[in-house]
Structures are given as structure tokens and as C-alpha cells.
Amino acid sequence: MRPPFGIYLHVPFCTVRCGYCDFNTYTATELGPVGGAKGASVATFVDAAIGELDLAHATLPDAPPVSTVFVGGGTPTLLPPEDLVRFLAAVRDRWGLADDVEVTTEANPDSVTEESLRVLADGGFTRVSIGMQSAVPQVLATLDRTHDPANVARALAAARAAGLAVSLDLIYGTPGESLEQWRTSLETALALEPDHLSAYALTVEDGTKMAARVRRGELPMPTGDDEADKYELADELLAGAGYGWYEISNWARTPTDRCRHNEAYWRSHDWWGIGPGAHSHVDGARWWNRKHPATWAKGLADGHPEAEREELTPEQRSDEAILLGVRLREGLPTDLLTADGRQAVAGLVADGLVDGRAAIGGRVVLTRRGRLLADTVVHRLIASGRA
Ligand SMILES: C[S@@+](CC[C@H](N)C(=O)[O-])C[C@H]1O[C@@H](n2cnc3c(N)ncnc32)[C@H](O)[C@@H]1O
Ligand code: SF4
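Attention here is on the structure that accompanies the text. (Residues numbered from 1 in each chain as written. Chains lettered and ligands numbered in written order. Predicted model: local features only at pLDDT ≥ 70, side-chain atom pairs only at ≥ 80, totals over all residues. Heavy atoms only, no water.)

**A short note on the layout of surface pockets**
Our working rule: The pocket and cavity definitions rest on a 1 Å grid over protein atoms only: a 1.4 Å probe that fits but cannot leave marks a cavity, an open set with protein on both sides within 12 Å along at least five of seven lines marks a pocket, and residues lining either have an atom within 4 Å of a point. Grid points are joined across faces, edges and corners, and a volume is the space filled by probe spheres set on the points. A helix here means a DSSP run of H or I that spans at least four residues, while a strand means a run of E at least two residues long, and both kinds are numbered starting from the N terminus. Residue polarity follows a fixed list, in which Ala, Val, Leu, Ile, Met, Phe, Trp, Tyr, Cys and Pro are nonpolar, Asp, Glu, Lys and Arg are charged, and the others, Gly among them, are polar.
Roughly 160 Å³ of volume is contained in the second largest pocket. The set of elements that each furnish at least two residues to the lining of the second largest pocket consists of helix 2 (45-59) and helix 11 (293-301). Taken together, the residues that form the lining of the second largest pocket break down as four nonpolar, three polar and two charged.

**Comments concerning helix 6 (residues 150-162)**
Test applied: Each residue after the first adds 1.5 Å to the expected span of a helix. Only protein chains enter the area calculation, which uses a 1.4 Å probe; residues under 20% of their type maximum are buried, those over 50% are exposed, and those in between are partly exposed. Here the arc refers to the set of directions running from the helix axis out to each C-beta atom. Residue contacts follow a heavy-atom distance rule, with two residues in contact if any of their heavy atoms lie within 4.5 Å.
Here helix 6 spans 19 Å end to end across 13 residues, near enough to the 18 Å set by a 1.5 Å rise per residue. Where helix 6 is concerned, the buried positions are Asn151, Val152, Ala155, Leu156, Ala158, Ala159 and Ala162. Looking straight down helix 6, one finds its buried side chains confined to an arc of 165°; they lie on one side. Those residues of helix 6 that are exposed and aimed more than 90 degrees away from the buried face are Arg154 and Ala161. Against the buried residues of helix 6 lie helix 4 (114-122), strand 4 (127-133) and strand 5 (165-172). After helix 6 finishes, the residue glycine 163 shows a positive phi value of roughly 95°.

**What to know about the pattern of salt bridges**
Rule in force here: Any carboxyl oxygen of Asp or Glu that lies within 4 Å of a side-chain nitrogen of Lys or Arg is treated as forming a salt bridge with it.
Within this structure, the stated rule accounts for 24 salt bridges. Residues arginine 258 and glutamate 263 are paired through a salt bridge, measuring 3.8 Å at the closest nitrogen-oxygen approach. Judged by its relative accessible area of 24%, arginine 258 is partly exposed. Among the residues examined, glutamate 263 registers a relative accessible area of 8% and is labelled buried. Overlapping salt bridges, with partners in common, bring together Asp235, Glu236, Arg368 and Arg371 in one network.

**Topic: the site of ligand 2**
Let me state the cut-off plainly: Definition of nearness: a residue and a molecule or strand are near each other if at least one heavy atom of the residue lies within 4 Å of the molecule or strand.
With respect to spatial proximity, the complete set of residues near ligand 2 consists of Cys14, Val16, Arg17, Cys18, Tyr20, Cys21, Gly74, Thr75, Asn108 and Arg145. For the shell around ligand 2, a count of residues per class yields five nonpolar, three polar and two charged.

**So, helix 11**
For helix 11, the set of buried residues is Pro293, Ala294, Trp296, Ala297, Gly299 and Leu300. Residues of helix 11 that are buried sit in contact with helix 1 (28-31), helix 2 and strand 11 (285-289). Backbone geometry just after helix 11 places glycine 303 at a positive phi near 85°.

**Details of the nonpolar core**
Defined as follows: The criterion is simple. A nonpolar core is a set of buried Ala, Val, Leu, Ile, Met, Phe, Trp, Tyr and Cys residues joined through side-chain atoms within 4.5 Å. Marked domain ranges trace back to an automatic or database domain assignment.
In this structure, Ile7, Phe87 and Leu381 are the most contacted members of the largest nonpolar core, which totals 89 residues. Taken together, domain 1 (5-266) and domain 2 (315-386) each give at least three residues to this core, which thus spans both. Excluding its chain neighbours within four sequence positions, the residues that come into contact with isoleucine 7 are Leu53, Val66, Thr68, Val69, Phe70, Phe87, Val91, Trp95, His261, Trp272 and Ile274. In this structure, Val136, Met210, Val214 and Leu219 belong to the second largest nonpolar core, which totals 13 residues.

As C-alpha cells, then:
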């Protein structure tokens with residue numbers, strides 16, 4: 001059976017850059033005059049993206065109807081909603097959409113309205129993932145987030161009214177954030193009863209404004225212990241409210257509320273990434289586009305938006321299946337491991353990192369402690385197989 005096929009669209013524009021973020025995104029000032037180049041501006045972007053869909057379709061005319069579409073960024077909701085709907089219609093025109101297609105856009109709380117969300121829902125979007133990050137003004141200020149926290153509830157209510165499923169995205173471990181502040185964010189998010197929640201530990205990325213502030217001693221560096229306490233609190237409160245974890249950083253109210261697009265990444269299915277810097281993975285090959293919007297648009301005009309490509313070796317494919325599969329609640333089938341890797345499972349169970357009962361049933365499922373130390377688990381499963 002062919003694996004499901006997904007489409008990702010990367011929208012590389014933001015109004016302001018948050019101090020912690022090193023995603024491939026640009027403010028108007030950062031883009032400068034090239035922001036006027038065809039395909040590299042908010043006004044011309046979707047037509048260029050539809051041009052890349054044509055390239056993808058010429059390469060994969062027989063791909064199955066698209067199961068999931070995910071529009072991420074950057075801030076996709078800086079584009080007119082009609083443009084996002086036009087992009088979705090272009091996907092539908094080329095491959096068709098599966099009957100139960102999931103179509104998500106990320107959104108900043110300040111960049112959606114009742115009207116814009118209705119246009120998205122009427123045009124076929126099914127989900128919106130709102131970047132809440134925190135409910136605490138002091139934490140939002142450290143993150144340089146500009147949104148009014150009250151707009152999260154407004155955006156969620158408007159999305160619900162339009163018939164969209166809602167995810168809230170949270171960050172924990174912001175420098176200076178106390179455990180009680182993190183509890184407030186979790187409780188505020190839960191009171192809004194979203195369908196789905198994600199909580200990612202803040203990474204202080206080299207080259208960001210936040211990294212410079214940490215280096216200068218203006219902000220404390222988050223510690224592993226603090227992150228572990230916050231992860232445990234998140235899992236306790238979310239599980240207590242009926243949200244089940246299905247990937248280390250993701251919780252859903254019911255199995256049907258999971259993000260199937262992200263599940264496809266973790267299961268190494270096929271997807272085509274459209275837009276500057278977007279990554280694709282089809283049939284064991286992966287490639288990524290030129291990073292800057294102007295370079296991408298120029299490459300696209302010449303028929304080559306791609307920067308580099310690699311074919312995964314069987315060993316790389318196996319390592320990747322372990323690295324990603326172990327993050328999932330359903331666990332990793334032990335028959336994907338080498339004989340040495342299978343032997344390592346017993347030690348991981350003894351150390352309380354892997355669930356013993358699931359291991360007897362032939363799956364590696366992380367315990368809560370194991371989820372905190374997932375990198376160690378992966379290392380032991382792979383390294384023992386190589387010894
Ligand atoms: C890149 S943003 C795109 C969507 C939207 N602009 C937003 O901010 O919600 C997607 C998610 O990545 C998170 N993110 C960005 N930089 C991060 C970092 N250094 N550590 C952890 N999460 C990060 C954001 O907070 C956000 O929830
Ligand atoms: S709004 Fe989102 S994508 Fe834009 S800079 Fe902030 S975290 Fe990054």
C-alpha cells in the first residue's frame with residue numbers, strides 16, 4: 001500500500017521577529033528591497049507557491065489524493081486568507097484531496113479575525129494551530145511576543161465558531177519563567193478546552209537576540225532540571241484534564257484530534273514541502289529548497305527551487321525510523337531494531353525509561369522519565385546495534 005501523501009507550505013513572513021526564533025522567516029525590514037521581487041513578497045507569494053505545485057505535480061503526477069496539508073511559517077495568516085484558500089484549491093486541482101483530508105494553518109493570535117477564519121473554513125481548512133506560547137505577560141515579553149494574551153481566547157472562539165479544530169502551541173523554559181507561571185499558562189490553555197495542545201521546550205538558538213542576551217548575562221540560561229520539572233507538570237495537568245500524549249511534545253483530547261500531518265513526519269511518510277527552505281521526503285529521498293525567499297523565487301522561475309538533495313542509505317532510514325518512531329505513544333516495533341538494539345531494550349526497561357509491559361508485547365514505548373531522556377534512549381537503541 002502506498003503511504004499517505006502530504007503537502008507542506010512554508011510562508012516566510014513575520015511582522016516582527018521574536019527574539020528566540022531562528023526559523024526561516026523575514027520581516028519587511030529584513031527582506032529590504034528584494035521583498036519587492038516577484039514571489040518574495042506577501043502579495044506575490046502564493047502565485048509562486050502554486051508554480052512550485054506545478055513542478056511537484058509534473059514530478060509526481062500519480063501521487064494519491066492528498067491526506068494532509070499544513071501551512072506553517074513564519075506567519076501564514078499574514079497572507080490574505082483568500083490566498084491560502086487558492087493554494088488549497090490548487091492542491092485539490094492537481095492531486096485531489098482525500099475524503100477525510102486534514103488542512104491546518106498556523107496562526108498568530110493577533111493575525112486572525114472571525115472573518116478571516118470563516119474564509120479559511122469555507123475554503124476547506126479544518127484546523128488552526130494558534131501560537132499562544134504563554135499566558136503570562138512577563139514571559140511573553142521575554143520572548144518578544146507582541147500579541148495581547150486576551151486575543152488567544154478570541155482567536156480560539158472565532159475558530160470554533162467557524163467550525164475549525166484548534167490546537168494551542170505553548171513554550172516552556174523561557175528564561176526567568178517560574179514553575180507557577182508555567183502552571184498558569186497550562187491552566188489558562190486548558191480552560192479554553194482546545195482539541196489539541198503542543199508544549200515545546202525553548203531552545204536558545206545560536207545567533208538569535210535571545211542567545212546574545214543570555215551570553216551577556218541579561219537572561220539566565222534555562223536548565224535541564226527546570227525543563228524536566230515543567231515537562232512533568234505539563235504531562236500531569238494535561239493527562240488529568242483528559243488529554244493523552246501521542247508524541248513527546250503533543251497531546252490530543254481524542255485520537256481523532258491528533259495532528260495527522262505531523263504524525264506523517266514521525267512515521268517517515270511522503271510529503272512535498274513548498275516554499276523557501278521547505279524540506280521534502282518522498283520514497284527515501286529528501287531535499288530542501290533554497291532558503292531565502294528571493295533566491296527561492298528566482299530558482300523557481302528557472303525551474304530549480306531546490307538547494308540540495310540526498311538519498312537515504314538503508315542504515316540512515318533505519319536510524320531515522322528509530323529516532324522518530326520512539327517519540328510516539330504507539331511506540332516503535334522492536335522488529336525494526338537490530339538484535340543488539342533489541343537486547344538494549346531490557347536495560348532501558350530496568351532503568352525505567354521504557355515500559356516493560358509494552359516491551360514484552362514487541363514495542364518500545366517511553367515512560368514519562370524516558371520521554372525526558374528520549375535522546376539517551378535513541379542513542380542506546382542505535383549505538384548498541386552498531387557496537
Ligand atoms: C516557527 S512558529 C510559526 C508559527 C507562528 N509564527 C507562531 O509563532 O506561533 C512555530 C512554533 O515554533 C516555536 N518556536 C520558534 N522558535 C523556537 C525555539 N527557539 N524554541 C522552541 N520553540 C520555538 C514557536 O514558538 C511556535 O510555537
Ligand atoms: S511569530 Fe513565529 S515564526 Fe515569526 S518570529 Fe515569532 S516565533 Fe518565529
